[in-house]
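Residues per chain are reported as follows:
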Amino acid sequence: MKRRIKHVTVLGSGIMGSGIAAHFANIGVQVLLLDIVPSELTAAEQKKGLTKEDQAVRNRIAAENLEKLKKANPALLYTPKFADRITAGNFEDDLKKIKDTDWIIEVVVERLDIKKSVYEKIEQFRKPGTLVSSNTSGIPIHLLTEGRSDDFKKHFAGTHFFNPVRYLPLLEIIPTADTDPQVLKFYMDYGAAFLGKTTVQAKDTPAFIANRIGVFSMMNLLHEVKNLGLNVTDIDKLTGPVIGRPKSATFRTADVVGLDTLVLVANGVRESGVETPEFYNVFSLPEYIQQMVDRKWLGSKTDQGFYKKVKNDAGKSEILGLNLETMEYELQGKSSFPTLELTKNIDKPIDRFKILTAGKDKAGELYRKSLGALFAYISHKVPEISDEVYKIDDAMRAGFGWENGPFEIWDAIGVQKGAELAREAGYTVADWIQNVDTFYKVNDEGQSIYIDKNTGQYHGIPGQEAFIILDNIRKNKTLWSNSGAAIQDLGDGIINFEIRSKMNSLGGEVLDGLNRAIDLAEKEYDGLVIGNQAANFSVGANLAMILMMAIEQDWDDLNMAIAYFQKSMMRVRYSSIPVVVAPHGMTLGGGCEMTMHADRVVAAAETYIGLVETGVGVIPGGGGSKEFTLRTSRAFQQDDVKNNRLRDAFMNIAMGKVATSAYEAYDMGILEAHKDIVVVHKNRQIAEAKKVALLMAGQGYTQPIEQKVKVLGKDALGMFYVGTDQMLTGNYISEHDKKIADKLAHVLVGGNLSEPTVVTEQYLLNLERETFLQLCGERKTLERIQYMLQKGKPLRN
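Owing to the predicted nature of the structure, the values given are computational and were not obtained by experimental measurement.

(A) Local environment of the overall build of the chain. If you tally the helices and strands in the chain, you get 34 helices and 27 strands. Computed over the C-alpha atoms, the radius of gyration of the chain is 28 Å, within 12% of the 28 Å expected from 2.2 N^0.38 for a compact globule of 797 residues. Overall size of the chain, expressed as C-alpha extent along the three principal axes, is 80 × 70 × 65 Å. Within the chain, buried positions represent 56% of all 797 residues. Counting only contacts in the chain whose residues sit at least 6 apart along the sequence, the fraction spanning at least 24 positions is 70%. Of the roughly 34500 Å² of accessible surface on the chain, a fraction of 50% belongs to carbon and sulfur atoms. The chain carries 96 positive and 102 negative side-chain charges, and their two centres are separated by 2 Å.

(B) Focus on helix 21 (residues 415-424). Within helix 21, burial applies to Val415, Gly418, Ala419, Leu421 and Ala422. An end-on view of helix 21 places all buried positions within 155 degrees of arc, on one side of the element. In this structure, helix 21 carries Arg423 and Glu424 as exposed residues pointing more than 90 degrees from its buried face. Next to the buried residues of helix 21 lie helix 18 (362-381) and helix 20 (406-413). Looking one or two residues beyond helix 21, the residue adopting positive phi is Gly426, at roughly 95 degrees.

(C) Here's a closer look at the packing of aromatic side chains. Applying the stated criterion across every chain yields a total of 28 aromatic pairs. Ring geometry for Phe407 versus Trp432: centroids 6.5 Å apart, planes at 45 degrees, classification tilted. A residue pair is termed long-range when its members are at least 10 positions apart, and Phe407 in helix 20 and Trp432 in the loop between helix 21 and strand 12 (440-442) qualify at 25 residues. Clustering of aromatic rings is evident, with ring pairs tying together Phe24, Trp103, Phe186, Tyr187, Tyr190 and Phe194. The ring of Trp402 carries the charged tip of Arg245 above its face, separated from the ring centre by 3.6 Å. Just above the ring of Tyr307 sits the side chain of Arg252; from NZ or CZ to the centre is 3.8 Å.

(D) Up close: the sheet that holds strand 12. Read from one edge of the open sheet, three strands run 12-13-14, paired in antiparallel fashion. With partners counted over all chains shown, the strands left at the sheet margins are strand 12 and strand 14 (458-460), one partner each. Strand-to-strand, the axes of this sheet are offset by a mean angle of 35 degrees, without reference to chain direction. By the bridge criterion, three bridges tie strand 13 (residues 448-451) to strand 14 in an arrangement that is antiparallel. The residue of strand 14 that forms the bridge with Tyr450 is His459.

(E) Structural context of the sheet that holds strand 8 (residues 198-201). With mixed pairing, the eight strands of this open sheet are ordered in space as 3-2-1-4-5-6-7-8. Across the chains shown, the open sheet's two edge strands, defined by having one partner strand only, are strand 3 (86-90) and strand 8. This sheet shows a mean twist of 25 degrees between the axes of neighbouring strands, independent of strand direction. Where strand 4 (residues 103-106) lies against strand 5 (residues 131-134), four bridges are found, and the strand directions are parallel. The residue bridging Glu106 from the neighbouring strand is Ser134, located in strand 5. Along the sheet, helix 6 (residues 112-125) contacts strand 1 (7-11), strand 4, strand 5 and strand 6 (156-161); its crossing angle with strand 4, the most-contacted strand, is approximately 160 degrees.

(F) Structural context of the pattern of salt bridges. Counted according to the given criterion, the structure contains 48 salt bridges. Salt-bridge contacts for Arg631 lead to Glu672; the nearest nitrogen and oxygen are separated by 3.8 Å. Of this pair, Arg631 sits in helix 27 (residues 624-634) while Glu672 is found in the loop between helix 29 (662-668) and strand 25 (677-679), placing the two residues 41 residues apart along the sequence. Across the pair, Glu672 and Arg631 agree in class, each one buried.

(G) Structural view of the packing of helix 20 against helix 21. Two numbers describe how helix 20 lies on helix 21: the axes approach to 6 Å, and their chain directions differ by 105 degrees. Here helix 21 runs roughly perpendicular to helix 20, going by the angle between their axes. For the pair helix 20 and helix 21, the contacting residues are Trp410, Asp411 and Ile413 in the first and Val415, Lys417, Gly418, Ala419 and Leu421 in the second. Of the residues contributing to the contact of helix 20 with helix 21, the split by class is five nonpolar, one polar and two charged.

(H) How the structure looks around the nonpolar core. Within the largest apolar cluster, 112 residues are counted, with the highest numbers of intra-cluster contacts made by Phe24, Trp103, Phe497, Leu528, Ile530 and Met594. The biggest single contributor to this core is helix 23 (residues 508-524), with seven residues. Those residues in contact with Met594 that sit more than four places away from it in its chain are Ile499, Leu506, Leu514, Ile530, Phe537, Met569, Val572 and Val581. By size, the runner-up hydrophobic cluster in this structure holds 108 residues, among which are Leu259, Phe306, Trp410 and Ala422.

(I) Structural detail: unusual backbone geometry. Residues Asn73 and Pro74 are joined by a peptide bond in cis, for which omega reads 5 degrees. With respect to the helices, strands and loops of the structure, Pro74 is situated in the loop between helix 4 (60-71) and strand 3. Omega for the bond connecting Asn163 with Pro164 falls within 30 degrees of zero, at 0 degrees, which places this linkage in the cis form. Relative to the helices and strands, Pro164 resides in the loop between strand 6 and strand 7 (170-175). A positive phi is found at Phe208, a non-glycine position, where the angle reads about 60 degrees. Along the chain, Phe208 turns up in the loop between strand 8 and helix 10 (210-227). When its relative accessible area of 1% is taken as the criterion, Phe208 is described as buried.

(J) Structural context of the packing of helix 23 against helix 25 (residues 555-573). Look at helix 23 against helix 25: their axes get within 10 Å of each other, and the N-to-C directions meet at 30 degrees. Between helix 23 and helix 25, the angle is such that the two are roughly parallel. Like other packed secondary-structure pairs, helix 23 and helix 25 cross with a definite hand, here left-handed. Residues Leu511, Asp512, Leu514, Asn515, Ile518, Asp519 and Glu522 of helix 23 touch helix 25, and the partners they reach there are Tyr564, Phe565, Ser568, Met569, Arg571 and Val572. For the contact of helix 23 with helix 25, a count of residues per class yields seven nonpolar, two polar and four charged.

(K) Looking closely at the side chain of Thr176. With respect to the element layout, Thr176 can be found in the loop between strand 7 and helix 9 (181-193). Looking at Thr176, the relative accessible area reads 13%, which means it is buried. Of note is the side chain of Thr176, whose polar atom sits 3.1 Å from the backbone nitrogen of Asp178. Residue contacts for Thr176: discarding those within four places in its chain leaves Ile141, His142, Lys153 and Phe156.

(L) Examining the side chain of Glu275 more closely. Locating Glu275 in the fold gives a position in the loop between helix 13 (259-272) and helix 14 (277-280). Here Arg212 takes part through its side chain, which lies 3.0 Å from a polar atom of the side chain of Glu275. Leave out the neighbours within four places in its chain, and Glu275 touches Arg212, Val269, Tyr280, Phe283, Tyr377 and Lys381.

Basis of the calculations
Residues numbered from 1 in each chain as written. Predicted model: local features only at pLDDT ≥ 70, side-chain atom pairs only at ≥ 80, totals over all residues. Heavy atoms only, no water. Helix = DSSP H or I, 4+ residues; strand = E, 2+ residues; numbered from the N terminus. Rg over C-alpha atoms; globule rule 2.2 N^0.38 Å. Buried < 20%, exposed > 50% of the residue type's maximum accessible area, 1.4 Å probe, protein only. Contact = heavy atoms within 4.5 Å. Areas by Shrake-Rupley, 256 points an atom, 1.4 Å probe, with all protein chains shown as cover. Lys, Arg positive; Asp, Glu negative; His and termini not counted. Charge placed at Lys NZ, Arg CZ, Asp CG, Glu CD. Arc of directions from axis to C-beta. Phe/Tyr/Trp six-rings, centres within 6.5 Å; stacked < 30°, edge-to-face > 60°. Lys NZ or Arg CZ within 6 Å of the ring centre and 35° of its normal. Pairing = 2+ DSSP bridges. Axes fitted to C-alpha atoms, helices over the stretch in contact; angles between N-to-C directions. Salt bridge = Lys/Arg side-chain N within 4 Å of Asp/Glu carboxyl O. Parallel < 35°, antiparallel > 145°, perpendicular 65-115°, else oblique. Nonpolar A, V, L, I, M, F, W, Y, C, P; charged D, E, K, R; others polar. Core = buried A, V, L, I, M, F, W, Y, C linked by side-chain atoms within 4.5 Å. Left-handed = near helix turned anticlockwise from the far one by under 90°. Polar contact = N/O pair within 3.5 Å; in protein donor to acceptor, adjacent residues only side chain to side chain.

Here is the structure:
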């Protein structure tokens, strides 16, 4: 029987409980969020004359946490209106409602006795077959179900989400010996397909997989920092984006997570008795860590940890780092490491490790020691925490934000070279490593295969059939490429156009590739996907090109470049084959325009999309202004709707608004509900886009006919001018901002037309391009573009 999840009950409304509730709401599930009944009235409740029996008081804890959830930054909900899917309540009055729920997720305090007490109450109301899981991160899963019924045990597992739940994709599934195999399969499949998670089956061992490896890596660095004479800023510089890890790196991550949490996990592993003497001391606390805990310097939650934000004598904020010798905060200067300089021209972090570990300075020494220790540790953790190497890599990528897992990094350095680093660092390597040449390979079908430590044979990674990984097919399936783009054959008559320029900006080489891809698809294939698997889909136009032409006043060439961009976007819309665009991450400016011109869009849920050109002093010039005018004109039925729709489009563009999710992009009119879809699991995006292209081709795709657009002319222009005048008078915008906004309004209403008129798309494109060029000649625009380039920032307001 197919199991459907329509309703979930979350027990515990704290940070994790609220985050889990929000994410289920994000995917359309109704959620009941429960917490304890308060023991005392607040002063505000007393003032209102409320009693402990009032429902508002009894639901207060869950209700207040629901309000915090709505205001969370970064947002936990894809769009604020999804909060309506969550109902707050309390354990005493509402626990009986779990008889109608499909899945009960326990997220109460990390105490075994309290969790067992909650489960006993659950059994009173739970109907047989209902899923029950715990989000515990530290209590052995098998202890939780002691004394429970056979049906409870059969449907129980650990479901360990990572915080923040929306943004960290790891979901560790930890079954017990009693968990039904079909129930386990459901947890794994549902987490991946519906919640968009990287689901990793973990063993019931201390800290499971990600925290076990991640905390070992961090604790090792906490010990090495003083041994190497480095400071906290040095370590964070060396262990952040340069090696494919988050900007928070090591010490900032500890501050964000909370030093008390790190210590809790480290102590838990050490006290569990599972570690060998070789690794036991890594989980012991350095003296300075114990001092920080004693002083309650726990990080962000106490306003100081390894870093502290203060006001200097001039009243400006500055960040001080903790001197681990003196235990005092100080400004820590930027250190220079020659080893890092050698990797500046290497784009992918995975390709830097051979150079980093060969460095002759302290950076090289740190990499050799820390990676050597890590390699030794993970070699002994198979099979203790996982039988398969890929699960450890999946967990570290999805749970700690590492771009590459530890076994992938080991492969990049060389297996035997990595083993040598481990021995030089003073550790032993597990015997099975001696017979390994590589942990991963790619087979002829473009799928990753991993080594089985017991047999030495290679096996496919489960679930890959739902993915198309471009890195795996690039070698054998690339049909064409240049410096900024490539075309791959996805099979079944569908090709993919991949943007590969710096930050995936859109310049001449990308547009040449796009037109070539459309030509090729029209002649030899059935459909085209435009997608990539970089961190961001596209940050917009190539600002350097625009700046160079504008400074040299090469207006003819700039006009031709913008016209070529517009023509390319119109080819996306009006070609003889279906074109499906797959945006994700930052999709700004030209990237947004490309998306809006697609036949269909398959967007990742985490798509941050918008027309942001006003931020550098111009208007959208690649068809974005035209496209919003076209879309609003479809809804023109009566005067108030006309003006409201157009005003909304104007404000979104003028303010450079960026949707914080694909669902918010629906609300902004960038995505359209009647044709565009959202996928929660980013790795499934290219495969889903291919399916959509195949479906459209199979249904008999016909090239669209260019549309006519009704514009409102001068009647609507006055409304916008009044608005911008008021904003200028109120000092909300500058004179230059007003000029940009007025120019934008001029385009959206169709220019100097005396009455509402039906015009062509090309008419609007010409008007858009003319306005774009006018604004490029403004001194302030050139200054803004130059500033953005100097800061290395994307085109963003």
